[in-house]
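Topology and contacts: notes
Given next are the chains, with one letter for each unit.
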Amino acid sequence: ITSLIAEKPEVIVVHNPDVQSYARLLQKAEEAGVHVVQINMRSSYSSDAFVGVDYVGMGEQIAQKLVDKCSPANGGSGKIAITQGALTAAASIYQMQGIDNVLSKHPEIKVVSNQAADWDATKAKNIAATVIQQNPDLCGITGFWDVMDAGSAAAIKESGKNIYLLTQGGGNQTACDALANGTFSEVVVFFVPGQARDMAGLIKQML
């Protein structure tokens with residue numbers, strides 16, 4: 001990004017790994033007269049445009065699904081586990097905000113584990129295996145990316161338990177296949193082609 005600012009393109013499109021790393025650089029780019037479009041995961045700095053997921057809304061939707069599924073009133077144990085990506089990523093920070101918005105109203109739901117697997121399926125599997133061992137009556141696991149959550153699915157399968165696995169992602173074919181064969185219980189999908197369309201439209205306007 002630093003070298004791009006020196007080259008002075010008209011537009012920089014950036015996908016942020018976390019909310020802080022690029023914040024000052026994106027501000028510097030705009031001060032240099034370069035338009036900045038953030039895609040999918042936003043920085044703490046608000047640039048000209050952001051195209052992406054309402055992660056707070058997604059977190060609320062996911063939490064409500066878990067309440068419906070795992071509430072003792074509906075026959076669940078009330079115990080759930082959360083597998084975040086990177087703790088500093090927008091997808092984790094804002095989704096947790098949404099989840100907290102809902103769970104704060106549902107004391108019957110107990111989060112027995114809330115850990116980061118850093119988008120890594122192997123780490124997710126190890127976390128899930130440990131949590132299942134410690135909580136034999138675990139009702140549900142939610143993770144913040146379907147590719148990572150394939151690891152949680154493997155741990156559930158090895159345990160032989162019936163645990164509701166709710167994941168999310170961009171609607172790729174492997175997630176659809178995992179739904180079809182029962183690896184995932186449910187997938188909340190954001191519309192990636194729509195992001196690309198809106199991003200292209202914004203860039204055309206800027207140019």
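These lines cover the structure that appears in this document, whether it is placed above or below. (Residues numbered from 1 in each chain as written. Predicted model: local features only at pLDDT ≥ 70, side-chain atom pairs only at ≥ 80, totals over all residues. Heavy atoms only, no water.)

A closer look at the environment of K125
For clarity, the threshold we go by: The helix count covers DSSP runs of H or I at least four residues long, the strand count covers runs of E at least two residues long, and both are numbered beginning at the N terminus. Exposed residues in this analysis have more than 50% of their type's maximum accessible area, buried residues have under 20%, and partly exposed residues fall in between, with area computed by a 1.4 Å probe over protein chains only. Whether two residues are in contact is decided by their heavy atoms, any of which lying within 4.5 Å being enough. Any pair of nitrogen or oxygen atoms within 3.5 Å is treated as a polar contact; in protein, a donor-acceptor pairing is required on top of that, and neighbouring residues in sequence qualify only through side-chain atoms on both sides.
Note that K125 resides in helix 5 (residues 121-134). Assessed through its relative accessible area of 27%, K125 is described here as partly exposed. In this structure the C-alpha to C-alpha distance between K125 and S77, which are 48 residues apart in sequence, comes to 22 Å. Setting aside its immediate chain neighbours within four residues, K125 contacts G151, S152, A154, A155 and E158. A distance of 2.8 Å separates the side chain of K125 from the side chain of E158, its partner in a polar contact.

A word on the sheet that holds strand 1 (residues 11-14)
The strands making up a sheet associate through hydrogen bonds between their backbones, and the pairing can be parallel or antiparallel. Cut-off, in case you're wondering: Any two strands between which DSSP finds at least two bridges are classified as paired. Every axis in this analysis is a line fitted to C-alpha atoms, fitted for helices over the stretch in contact. Angles between the N-to-C directions lie between 0 and 180 degrees.
One open sheet holds the three strands; their spatial order is 1-2-3, and the pairing between them is parallel. Pairing within the sheet leaves two strands with one partner each, and these edge strands are strand 1 and strand 3 (49-52). The mean inter-strand angle of the sheet, taken between neighbouring strand axes irrespective of direction, is 20 degrees. Sheet topology places strand 2 (residues 35-40) next to strand 3; four bridges connect them, and they run parallel. Paired with V37 across the bridge in strand 3 is A49.

As for the state of the cysteines
As a reminder of what qualifies: Disulfides are defined as pairs of cysteine sulfur atoms found within 2.5 Å of each other.
Going through the model one piece at a time under the given rule, you end up with one disulfide. Sulfur-sulfur distance for the disulfide between C70 and C139 comes to 2.1 Å. Taking the torsion about the sulfur-sulfur bond, which here is approximately -85 degrees, the covalent link between C70 and C139 counts as left-handed. You can see C70 sitting in helix 3 (residues 55-70) and its partner C139 sitting in the loop between helix 5 and strand 6 (140-143), a full 69 residues away along the chain.

What about the pattern of salt bridges?
Put simply, the rule reads: Here, a salt bridge means any side-chain nitrogen of Lys or Arg that lies within 4 Å of a carboxyl oxygen of Asp or Glu.
On inspection of all chains with the given rule, the structure shows five salt bridges. D118 is paired through a salt bridge with K123; the nearest N and O atoms lie 3.1 Å apart. Judged by relative accessible area, which is 39%, D118 ranks as partly exposed. Its relative accessible area of 40% is what places K123 among the partly exposed residues. For E158, the salt bridge goes to K125, with nearest N and O atoms at 2.8 Å. You can see E158 sitting in helix 6 (residues 146-159) and its partner K125 sitting in helix 5, a full 33 residues away along the chain. According to the relative accessible area criterion, E158 is exposed, its value standing at 60%.

A word on helix 8 (residues 192-206)
Condition: Each residue after the first adds 1.5 Å to the expected span of a helix. This arc describes the spread of directions from the helix axis toward the C-beta atoms.
The terminal C-alpha atoms of helix 8, which comprises 15 residues, lie 21 Å apart, in line with the 21 Å expected from a rise of 1.5 Å per residue. Turning to helix 8, its buried residues are G194, Q195, I203 and M206. Buried residues of helix 8, seen end-on, are gathered within an arc of 165 degrees and therefore sit on one face of the element. Across helix 8 from its buried face, at more than 90 degrees, point the exposed residues R197, K204 and Q205. Buried residues along helix 8 sit against strand 1, strand 2 and strand 3.

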